[in-house]
Amino acid sequence: MPQRFVVFLLTILCLTPLAAAEKYYRVALAELPLVEGRWPATQPATQRYDMGKYVWRQAAAPYAAIDGGGEAYVSLSNMNPWQPYEATLGGTLYVKSDEPTDLTGHLYVPRPDDSGMDILRFKLPAASARAEYRQGFDNARRDYFLALWNRAIPGGAWFRAQADTMQATDAQLRPRMNNTAGNELEATYDLFSGNQALAENLQLERVLPPSTQAAQDTVAVESLGGITIKEMDWSKLNEGRHPALDPLAAAVPADQHALFFQSFAAMTNLLDEVRENGLAIYQGFAPSSQDSQLPQRYQKQLGLDLTQLGRLLGPQLIRSIAITGSDPYLRMGTDVAVVYQPVNSEALLAGLKTQIALQAQSDEHARLTEGKLAEVPFTLWKTPTRSVCSYLAQVGDNVVVTNSAAQLQRLIDAARKKTPTLDSLPEYLFFRDRYPLGQADDRGFLFVSDATIRRWCSPRWRIADSRRVRAAAVMMDVQARHLDEMIEEHTAPTPATAPANSAVGELHFTRRGIDSAVYNTLEFMTPIAELPMEKVSAREADAYRQWRDGYQRNWRWAFDPIGLRLASTGDSFTADLTIMPLIVVSEYRTLIDLTRDARLAPGAADPHETIAQLAMAINPKSPPFQGWGTLARGLVPGLRVDPLAWMGGWITIFADADAYWDKMLGAKDPQNYAEHNIWSLPVGLEIQVASGLKLAVFLTTAHAFIDQSAPNMTSWQTEEYHGRSYVKITPTAEAQRDMRDMNAENAAIYYAILPDSLLLTLNLDLLHRAIDRQVAATQPGAQPVANSQPAGAAPAGSPPAAATAGAKPTSRPAVQWLGESLAGRATPKLVDVLTALSGKDWQALSQNRAWDNLPILNQWRRRFPQMDPVKLHAQFWGVTLQDGGGGQYVWNDRYQTMESTVYGHPGQPKSGPAMALPLRQWQLGEFGLSFENDGLRAKVRATRGK
């Protein structure tokens, strides 16, 4: 009987329709049976570097789509990003399908000219399917998802989960690329705005090694100790300082950061300014493909969305405001509190209670409870996942709204003087004197105390943050593996199985994503202040000690409080940041050494009409200059004196306002125009002269050295303009033959010794204008000459009688630079020039970031066609994918891919908008760095156009 039953089952299985069986296909692309289209003819690869083509080649991997469903992957033995078409020809197509008949589909291949992708229609006979092709299919699928995961683009958790199901090794799962790195503009912005200093000093992105099982947590956190660097001695710095203090400084614990607003109007003005300009300026330098919508998320959580009614009633009910919290990890989740100094506490409490209730009730899961904490009554609106979580209470004389009971307890302790508060700190006194309270243009003051940074660097905070980061990775992995279950209609959370030793607690699937009993959700993880931690593993303890000891070696003598003042008027916006001191290993270290004991005085460095100017104070006796001098003496035989001893206290480089820029901008190809007219570039380098005699020796020696090293290659001519001599250096006919590709017939370098500086330039008109400014400045009472005449026009009139060769200027324009060590100024014309010269590269970068979102959106569209891919990603992964150009993502049925309405997709690319730096609305942008007390003061100011 059993034998007959087995035979019966086998018979039934053999008679089962082929549609129920998976079939696997393998075919070399070069042998693919085509029914429509043909392979394009090969073309020579483009030799000239082109950012746009490079980006396209990186994204234009061949892919296939099967009619009626099925999976298809193209395996390439060698994906050459410089020749994607040739690499495609050597590829192999793998397909899995359950269709019993012949398969048809489309193959999308990159064109040889890099202009897009061609569509080839193919047909695979059902008889060509083989069971032994399954392993090749699995390998191709795994490699596809590994390649996506290694690109570090959105969807990483999903890509890893898909690759891991194919049993990829740990070595294969190690990222080799980071496509989210910033561009050079972004890096420059970080350096000059002070962002680089913040990143270096705080090192918040450092993650410690993973934790082990809770049972192995045997080391007491308190036994590890924290930062032992001594505090700064503020006694001398604070002598004679008696500034007015923020009223709410007495309400904030000393080891928390705080953002103070001296009035409700100051807060709303700042929010409006940041919304309209601040974020747009930064994104102009760093186009983003994701938006975490942090302000909106925290406003919703607290129920404090700024309504029009709130704007009207706020000034009547609120004197001042402070926003504070335990840490800056806003993206993952932090305990934040808004503290109000009320005009009338009862009226403010009633108003806030109504506003929070109205906003909370928009979430069907929000529930109201009332209670007491340390005998302080509170009301709480909360959802199970804390998407809404708003405690409202009166603490002392102030009104508090917070998302955390732990934060509320800290504020209660501060009000009862059980813990030190910010107003007791000497560094707070220093910063409040530097940034006085009560100024009319004040929009906000951010203060981060020494104690706050010490707590962020404590073992409890660092290890808890590291555990939380790794818990998020585990939760994302589980969510990626079970996304189908979460998308189904659930009436209640469904239990999920957490990986062994993950320590994430009990997990549940919900319609909004994974939920951990310990760490809450990926949208808002449990704040570190609420995570209990008495003991840690030995491995975590060793990792923390190693990090702490290495971190402390980067500090010479004291730690670093931080202050930032934001100000705006009707026509300007200013940010003023102070960090004292800077970390020793810093990107600023060379600048500090070059500028030590040197200062840019008002009017220094020849400020005049330019499209951009950079000025720096220099100390010729500093170690870098001394080293360069030693190197020069070694290169020039017989040179016994310091070749740089003639230099004074500043150096500047500037781009003059000149007709050159208009011609370049009007050219069909601005980059080509700039390359072919490089010898008329209106850029000058000017260095202050401390000793004219030493400069003469230097120039004479340099002339002799060049003639000896390259005889008969240069011609030196002394010419004159308005009674002032200058030198013109040109290549000889012999040298011009070696410079055929550089328009050598127009090549010339000019230099002039002005009364207090040396000027070098390629543009003769620029040199003439500099002499005109010097001539005009020699006349008593005369105002400096502006570049009012059209650039390139003939000089107007003869020089004044007083303009003799030996005359000295009587004054310089008293331009006040924002920084004493390094400063710069730029006009909208610079934006136009950058757009023309770098616009294509910026477009390519923006296009690349927009395309980074396509792979995961395609996954969502194909797997869950009933849902909007962008909304699905936002729902489960907490970020909204955006193309950075203001467009939308839509489905392209012909190419079977999502695309950006602005940037297209690799098959049909669109260049997108030109470089849209939002600085065009500003008349002048300025920045300044001042190195002081081993610290940094950075200022940025933007002035609107009239």
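Attention in this report is confined to the structure presented alongside it. All of these numbers come straight from a predicted model, not from anything done at the bench. (Residues numbered from 1 in each chain as written. Predicted model: local features only at pLDDT ≥ 70, side-chain atom pairs only at ≥ 80, totals over all residues. Heavy atoms only, no water.)

### Observations concerning the overall build of the protein chain
Helix and strand content of the protein chain: 27 helices and 39 strands. Relative to its full complement of 946 residues, the protein chain shows a buried share of 48%. Long-range contacts, defined as pairs at least 24 residues apart, comprise 72% of the intrachain contacts of the protein chain with a sequence gap of at least 6. (Helix = DSSP H or I, 4+ residues; strand = E, 2+ residues; numbered from the N terminus. Buried < 20%, exposed > 50% of the residue type's maximum accessible area, 1.4 Å probe, protein only. Contact = heavy atoms within 4.5 Å.)

### A word on the pattern of salt bridges
Scanning the model with the defined rule gives 32 salt bridges in all. Residue aspartate 118 pairs with arginine 111 through a salt bridge whose shortest N-O separation is 2.8 Å. Measuring nitrogen to oxygen at the nearest pair gives 2.3 Å for the salt bridge that ties arginine 241 to aspartate 433. Within this pair, whereas arginine 241 is found in the loop between β8 (217-220) and β9 (257-261), its partner aspartate 433 is found in helix α13 (residues 426-434), the two being separated by 192 residues in sequence. When its relative accessible area of 24% is taken as the criterion, arginine 241 is described as partly exposed. (Salt bridge = Lys/Arg side-chain N within 4 Å of Asp/Glu carboxyl O.)

### Here's the deal with the packing of aromatic side chains
Under the counting rule described, the total for this entry stands at 28 aromatic pairs. For the pair tryptophan 158 and tryptophan 860, a centre-to-centre distance of 4.9 Å together with 65 degrees between the ring planes defines the contact as edge-to-face. Taken as a pair, tryptophan 158 in helix α5 (residues 156-164) and tryptophan 860 in helix α26 (residues 854-863) lie far apart in primary sequence, 702 residues in all. Accessibility expressed as a relative area gives 1% for tryptophan 158, which makes it buried. When the ring of tyrosine 435 is compared with that of phenylalanine 445, the centres are 6.0 Å apart and the planes differ by 55 degrees; the resulting orientation is tilted. (Phe/Tyr/Trp six-rings, centres within 6.5 Å; stacked < 30°, edge-to-face > 60°.)

### Side note on the packing of α5 against helix α15 (residues 459-481)
Close contact between α5 and α15 brings their axes to 8 Å; oriented N to C, the two are set at 65 degrees. Accordingly, the angle class assigned to the pair α5 and α15 is roughly perpendicular. You can see that α5 and α15 cross each other, and the crossing is right-handed. Residues Ala157, Trp158, Ala161 and Asp164 of α5 pack against Met476, Asp477, Ala480 and Arg481 of α15. Of the residues belonging to the contact of α5 with α15, the class tally is five nonpolar, no polar and three charged. (Axes fitted to C-alpha atoms, helices over the stretch in contact; angles between N-to-C directions. Parallel < 35°, antiparallel > 145°, perpendicular 65-115°, else oblique. Left-handed = near helix turned anticlockwise from the far one by under 90°. Nonpolar A, V, L, I, M, F, W, Y, C, P; charged D, E, K, R; others polar.)

### Quick look at helix α27 (residues 869-877)
Residues three or four positions apart in an α-helix share a direction because the helix packs 3.6 residues into each turn. All of the buried residues in α27 are Pro869, Val870, Leu872, His873, Phe876 and Trp877. Mapping the buried residues of α27 onto a view down its axis gives an arc of 160 degrees, with all of them on the same face. Two to three positions downstream of the cap, the backbone nitrogen of valine 870 sits 2.8 Å from a side-chain oxygen, assigning the N-cap of α27 to aspartate 868. (Arc of directions from axis to C-beta. Polar contact = N/O pair within 3.5 Å; in protein donor to acceptor, adjacent residues only side chain to side chain.)

### Things to note about the environment of glutamate 239
Structurally, glutamate 239 is set in the loop between β8 and β9. Glutamate 239 sits in the exposed class, given a relative accessible area of 60%. C-alpha of glutamate 239 to C-alpha of phenylalanine 430: the two residues are 191 residues apart in sequence and 9.6 Å apart in space.

### Notes on the sheet that holds strand β1 (residues 23-28)
Pairing in this open sheet of three strands is antiparallel, and the strands run β1-β5-β4 from one edge to the other. Edge strands, defined here as strands with exactly one partner in the open sheet, are β1 and β4 (71-75). Ignoring strand direction, the axes of neighbouring strands in this sheet form an average angle of 15 degrees. In this structure, β1 lies alongside strand β5 (residues 92-97), joined through six bridges in antiparallel fashion. Residue pairing across strands places alanine 28 opposite threonine 92, the latter belonging to β5. (Pairing = 2+ DSSP bridges.)

### A word on the sheet that holds strand β6 (residues 103-110)
Two modes of strand pairing occur in sheets, parallel and antiparallel, and in both the strands are linked by backbone hydrogen bonds. If you trace the four strands from one edge of the open sheet to the other, you get β2-β7-β6-β3, paired in antiparallel fashion. With one partner strand each, in any of the chains shown, β2 (34-36) and β3 (63-66) form the two edges of the open sheet. Ignoring which end each strand starts from, the neighbouring axes of this sheet average 35 degrees apart.

In short, geometric facts, not functional conclusions.
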